[in-house]
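Below, each chain spelled out in residue letters.
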Amino acid sequence: MYLESTTQMLWFAQPMLQSTAAGVMYKRKLHRKFPVFFAYLLLQVPFFGIVFTAYTWGDYRDFFYGSWACAIISLAIGFKVIHEVFLDVFRPYHALKDLGSVLFKWAALVMVLVAIVVAASSSVSSDGPMVEAVITAQRCVRVIQVGLVLLLLVFSKYVGISWKHFSFGVSLGFGSFALVELLIVALRASERVSQYAGDLSNILMYNICVLVWLSYTIMKSPARETINTLLTSQRWDHSLNDIQNPGMPESLIPAFENIVDRAFSRMIPEATPPSTLDQLAKMSDPTPEPKPERASSASTKS
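Criteria and cut-off values
- Residues numbered from 1 in each chain as written.
- Predicted model: local features only at pLDDT ≥ 70, side-chain atom pairs only at ≥ 80, totals over all residues.
- Heavy atoms only, no water.
- Helix = DSSP H or I, 4+ residues; strand = E, 2+ residues; numbered from the N terminus.
- Expected span 1.5 Å × (residues − 1).
- Core = buried A, V, L, I, M, F, W, Y, C linked by side-chain atoms within 4.5 Å.
- Buried < 20%, exposed > 50% of the residue type's maximum accessible area, 1.4 Å probe, protein only.
- Contact = heavy atoms within 4.5 Å.
- pLDDT = per-residue confidence, 0-100.
- Salt bridge = Lys/Arg side-chain N within 4 Å of Asp/Glu carboxyl O.
- Polar contact = N/O pair within 3.5 Å; in protein donor to acceptor, adjacent residues only side chain to side chain.

On to helix H6 (residues 166-189). The terminal C-alpha atoms of H6, which comprises 24 residues, lie 35 Å apart, in line with the 34 Å expected from a rise of 1.5 Å per residue. Positive backbone phi, approximately 60°, marks Glu-191, located one or two places after H6.

Have a look at this one:
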């Protein structure tokens, strides 16, 4: 009874914390920079109302379809939030940002294909193919969220992002919750944790995640660091930019002309006689030779 009341209190605390974090974001005008994350926080409040209404006054069918429909929408928006954080981290580096966008599109396509394959091959499952597909896609998103946190932890100094930056706080909250959820899934599979204990741990960790977001919305985000390690990321960006936008063929003409001139300069002294060299020198000299004076005609006149 005590654990059940604790779970309900933690569950009711989620929409209050989320609405508070969204209000602080709107006050500090962070919703303009992170509109997808702002929409994610706002949508969780009506989602809670739908799930709670179906859980309290509806039957199991209403609760089942309501909760999983909200889970699918939250999953799609959560994946888009990862993309938004990635674009903010690599905003000064256009080539890296474009590469990341392409990778995210392929990751989304692969995730959808894996979910479809799981849904088609799990017809004998007790949960049904749709539930298995959503769970598989959800785990894929959780793995990507954990990977984003590891990426920021390793490469934060190269892109000038400190742990006080708002993007780091958003990814830290998602990544921490994703890591705990993946661990609970693994423990459930080995039957080391009961379903009730796992649900309580997920609710508690998600509240901590929202508290992290609320703390980062209140905390002032510093500017990007300008340190020497940023030169490494700039070299990466320039290299990718050179690969994406190679030089035009016309830009190679001066280089070929220099090569031909040097080849001729090496061949001429070895293969041409001195008389030919004198003729080439005269032909290359544009100044006309002075005409000789006609001494004989001058003397005849005199």
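Having seen the structure, we can now continue with the description.
In this section: the nonpolar core. A general tendency of soluble globular proteins is for nonpolar side chains to be buried together. Ranked by size, the top nonpolar core spans 42 residues in total, and within it Met-25, Phe-37, Tyr-40, Leu-41, Val-81, Phe-166 and Trp-213 carry the most contacts. Of all the elements in the fold, those that place two or more residues in this core are helix H1 (2-27), helix H2 (35-56), helix H3 (60-89), helix H4 (94-121), helix H5 (129-159), H6 and helix H7 (195-218). Sorting elements by how many residues they give to this core places H3 first, with eight residues. Residues contacting Val-81, with those up to four places away along its chain left out, are Val-36, Phe-37, Tyr-40, Val-170 and Phe-174. In terms of nonpolar packing, the next biggest core, distinct from the first, is built from five residues, Trp-11, Phe-47, Phe-48 and Cys-70 among them.

Position of Ala-107 relative to the elements: it lies in helix H4. Under the relative-accessibility criterion, Ala-107 is labelled partly exposed at 27%. Placed 34 residues apart in sequence, Ala-107 and Val-141 show a C-alpha to C-alpha distance of 9.5 Å. Setting aside anything within four residues of it in sequence, one finds Ala-107 in contact with Phe-79 and Ile-144.

Moving on: the confidence of the model for the chain. Summing up the model confidence of the chain, the mean pLDDT is 75 and the portion of residues at 70 or higher is 67%. Considering only residues more than four positions removed or in separate chains, one finds that residues 227-233, a stretch of pLDDT under 50, has 13 contacts. In the model, residues 295-302 has pLDDT below 50 throughout and makes zero contacts with residues more than four positions away in sequence or in other chains.

Under the defined criterion, the tally for this structure stands at three salt bridges. A salt bridge links Arg-188 to Asp-199; the shortest N-O distance between them is 2.5 Å. Taken as a pair, Arg-188 in helix H6 and Asp-199 in helix H7 lie far apart in primary sequence, eleven residues in all. According to the relative accessible area criterion, Arg-188 is partly exposed, its value standing at 31%.

This paragraph deals with H2. Because each turn of an α-helix spans 3.6 residues, side chains separated by three or four positions in sequence point in the same direction. In a regular helix each residue adds 1.5 Å, so 22 residues correspond to 32 Å; H2 covers 32 Å between its end C-alpha atoms and thus fits that length. Turning to H2, its buried residues number three or more, namely Val-36, Phe-37, Phe-38, Tyr-40, Leu-41, Gln-44, Phe-47, Phe-48, Val-51 and Ala-54.

Let's shift gears to the side chain of Asp-88. Inspection of the secondary structure puts Asp-88 in helix H3. Owing to a relative accessible area of 2%, Asp-88 belongs among the buried residues under this scheme. Within polar-contact distance, the side chain of Asp-88 engages the side chain of Ser-167 at 2.3 Å.

On the secondary structure map, Ser-167 appears in helix H6. Excluding residues that lie within four positions of it along the chain, Ser-167 makes contacts with Phe-34, Val-85, Asp-88, Val-89 and Leu-152.

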